[in-house]
Amino acid sequence: MESGVFVQQLVNGISLGGVYAVMAVGFGLVFNVLKFSNFSHGGVVTVSAYAGFFISSKLISSFPLALIATILVGAATGLLIERLVFRPVRLAKKPLTYLFVNSITVAMMVQQTFAAIWGSYYFPYPEFFKRTAFSIGQLVFSGTYLLMLAVSAVVLILLTLFLKKTKLGIAIRAASSDIYTPPLMGINTDVITGITFIIAGALAGITGFFLGMTYTVTPFIGSSMIKGIIAAIIGGMGSLTGGVIAGILLGIVESLLIAELGSSVTPIIIYLAIVILLLVRPQGIAGNLYTVKA
Amino acid sequence: MFYFFANVLETTLMYTIFVLSVYLLSGLTGFFSLGHGAFITIGAYTAGLATLRFGLPIWLAFILAIVMGLVGGLIIGVPTLKLRRDYFLLITFGFGEMVRALLLWTSQLTGGAMGMAGIPYAAELPLIAISVVVVLFIIANLKRSSFGRTCISIRDDELAAQAMGINVYAHKIKVFLLSAAIASYGGALLAFNMTFIEPNLFDWLESARLIVIIFVGGINSVTGALVTALFYYSFGELFRFANVWRDVILAVLVILVIIFRSQGLFGNFELSPKWIKSLFNRRKSPKRGA
């Protein structure tokens, strides 16, 4: 590969990786607190991608405002799903299995609802900026990708600060390490779970918006959540930092492999690599191995 | 008209086999596979390739399909079944995508996105019906056997089962392999019945649907899985126009069932000779009392 092409693919990879990282963190936050694989995250991504399209093409043409509106929609959807679907199961103290089944049901419902209504239409996002590419020397970078990179970085930094510095963030981390003790310390875990879903939903909103901008909006856009899940596995389930590192790595590896070998072999190599990784080092990059506890 | 209904029945029964194979895995060990469609696809493509490209006889194609399903099961099961359930779930999800990517990549052999047409029509209604009965017999008996009860104990509390000296890993692998074998056998049936297969036949959504159907009937009831599967798929085939909305209806139903009656519509109920006998006894008993 030429070095110029290599650098370009590297930057694209890091940008895509940023989106995967945001996805992995959204998935990981809920996994940490409630300890189940939340497939409804993909559903929120789909809803946000559609919402982002309608907001940006019909209501607000400015990029930052449209993004913020989409994030709000995502957060609201996340909270709505939590309150309607997960909370009753949670409060009845039923096994985690039921939370998981509800989450895939929600993912299925969202995908099929959109497929039934707008299944045969494709929605391309409008161009937000007149200038779509930037060139440095001989290298040409896509504006969308640079924007994705910048927004993902800012969001992840803000989230880290929130989780480390604020009271709410510390409460979320406390609930992540052990859901049973925080109530004894006067933390309302019900509220904390709701807030976790709001944050995860907001992250899904960002993901949906960017996926919609990069690809076209289809009902199946939520299945791209698999990339975030893969990042979460490679990073070590439950470790947000690991998820971010793994997401960026995944983005880079994917872009380079696609550029070098083509888009049909790439998924095969990536999935095989993950199976091998699980054989050799199941705890992932961060080294958190979740085992079944009684 | 007769052919239409026979067709509906065939499709329904084949999907019932898939649901039963998923029931075996999820009902007995509590593991969920979001890539079970991959095993069905593997079975279907092995059968198609064996007969179309290599000219092998049909019975050999069935055996090869099962063998390939077992190989796939080993590749996925060995590294993941030792870990927490979520790893298994997520890896099977990836496995489904991988199989699809593999089929598209090897398009010279498999026909890629165009699918594979012209597979001999060999699976007629009697064969499918017998298969369902055999699979049902295997699963119902396995569930009642000592092996099945051991597996259910693993499902309910893995740690406790391990403490009782049960080799948890070996049990999980065995059940998973059997489930994969049944799924790929069903896939071969599907290929020989529909005579046309394509890589997108079973995406993750189809696998998710198979899991969800089990929960409507109840995770403890084979009867529940059977009845729900028969109902859902025959309904879907008869009312094709509502094809997409039926998933939305199913989803709402599942959420309601899980919130308000999480043991499923059938709970622990099983349709067995014993139950039928007790039905007659119950009718007699008031007279005896009087």
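Only a predicted model underlies this, so the values are computations on that prediction, with no experimental measurement involved. (Residues numbered from 1 in each chain as written. Chains lettered and ligands numbered in written order. Predicted model: local features only at pLDDT ≥ 70, side-chain atom pairs only at ≥ 80, totals over all residues.)

### Structural notes on the overall build of chain A
Counting its secondary structure elements, chain A contains 10 helices and two strands. Tracing chain A from N to C terminus, the helices and strands come up as α-α-α-α-β-β-α-α-α-α-α-α. Taken over C-alpha atoms, the radius of gyration comes to 19 Å for chain A, in line with the 19 Å a tight globule of 294 residues would show. Along the longest, intermediate and shortest principal axes, the C-alpha atoms of chain A span 60 × 50 × 40 Å. Taking all 294 residues of chain A together, 52% fall into the buried category. When contacts within chain A are restricted to residue pairs at least 6 apart in sequence, long-range pairs at least 24 apart make up 78% of them. (Helix = DSSP H or I, 4+ residues; strand = E, 2+ residues; numbered from the N terminus. Rg over C-alpha atoms; globule rule 2.2 N^0.38 Å. Buried ≥ 20, exposed ≤ 12 C-beta atoms within 10 Å, placed from the backbone. Contact = placed C-beta atoms within 7 Å.)

### Things to note about the overall build of chain B
From N to C terminus, chain B includes 13 helices and two strands. Over its C-alpha trace chain B gives a radius of gyration of 20 Å, about what one expects of a compact globule, namely 19 Å for 290 residues. Overall, the C-alpha framework of chain B stretches about 75 × 55 × 35 Å when taken along its three principal axes. Within chain B, the proportion of its 290 residues that are buried is 51%. Pairs at least 24 apart in sequence give 82% of the contacts found in chain B among residues at least 6 apart.

### Considerations on the interface of chain A and chain B
Between chain A and chain B, the contact holds 40 residues from the first and 42 residues from the second. Contributing elements (two or more residues each) for the side of chain A that touches chain B: helix H3 (63-91), helix H4 (96-118), helix H8 (225-235) and helix H10 (266-280) of chain A. Examining the composition of the side of chain A that touches chain B, we find that 14 residues originate from one element, H4 of chain A, more than from any other. Looking at the side of chain A that touches chain B, its residues break down into 28 nonpolar, 11 polar and one charged. (Nonpolar A, V, L, I, M, F, W, Y, C, P; charged D, E, K, R; others polar.)

### What about the confidence of the model for chain A?
For chain A, per-residue confidence averages 85 on the pLDDT scale, and residues scoring 70 or more make up 96% of the total. By mean pLDDT, the top-scoring element of chain A is H3 of chain A (92), and the lowest-scoring one is strand S1 (residues 133-136) of chain A (75). (pLDDT = per-residue confidence, 0-100.)

### A look at unusual backbone geometry
Trans peptide bonds make up most of the peptide bonds, and negative phi angles are found at most residues other than glycine. Backbone geometry places Lys 93 of chain A, a non-glycine residue, at a positive phi of 55°. Judged by the 6 C-beta atoms lying within 10 Å of it, Lys 93 of chain A falls in the exposed class. The phi torsion at Thr 195 of chain B lies on the positive side, around 60°, for a residue other than glycine. Mapped onto the elements, Thr 195 of chain B comes out in the loop between helix H9 (168-194) and strand S2 (196-197). For Thr 195 of chain B, a count of 16 C-beta atoms within 10 Å puts it in the partly exposed group.

### Considering the packing of helix H2 (residues 40-59) of chain A against H3 of chain A
Residue and element names in this part refer to chain A. At a minimum axis separation of 9 Å, H2 and H3 run at an interaxial angle of 145°. Viewed along their axes, H2 and H3 form a crossing whose handedness is right-handed. Taken together, the residues of H3 that come into contact with H2 (itself represented by Ser 40, Val 44, Val 47, Ser 48, Ala 51, Gly 52, Ile 55 and Ser 56) are Ala 66, Ala 69, Thr 70, Val 73, Gly 74, Thr 77, Gly 78 and Ile 81. A class-by-class count of the residues in the contact of H2 with H3 yields eight nonpolar, eight polar and no charged. (Axes fitted to C-alpha atoms, helices over the stretch in contact; angles between N-to-C directions. Left-handed = near helix turned anticlockwise from the far one by under 90°.)

### Some words on the pairing of S1 of chain A
All names here are of chain A. In this structure, S1 lies alongside strand S2 (residues 139-142), joined through four bridges in antiparallel fashion. Along S2, the bridge assignment pairs Ala 133 with Ser 142. The hairpin formed by S1 and S2 contains two residues between the paired strands, and Gly 137 there has a positive phi angle of roughly 60°. (Pairing = 2+ DSSP bridges.)

### Quick notes on the confidence of the model for chain B
Residue and element names in this part refer to chain B. On average, residues of chain B score 85 in pLDDT, and 96% of them are at 70 or above. Ranking the helices and strands of chain B by mean pLDDT puts H9 first, with 92, and helix H13 (residues 273-289) last, with 66. For this predicted complex, the interface confidence reaches an ipTM of 0.84, while the overall pTM sits at 0.87.

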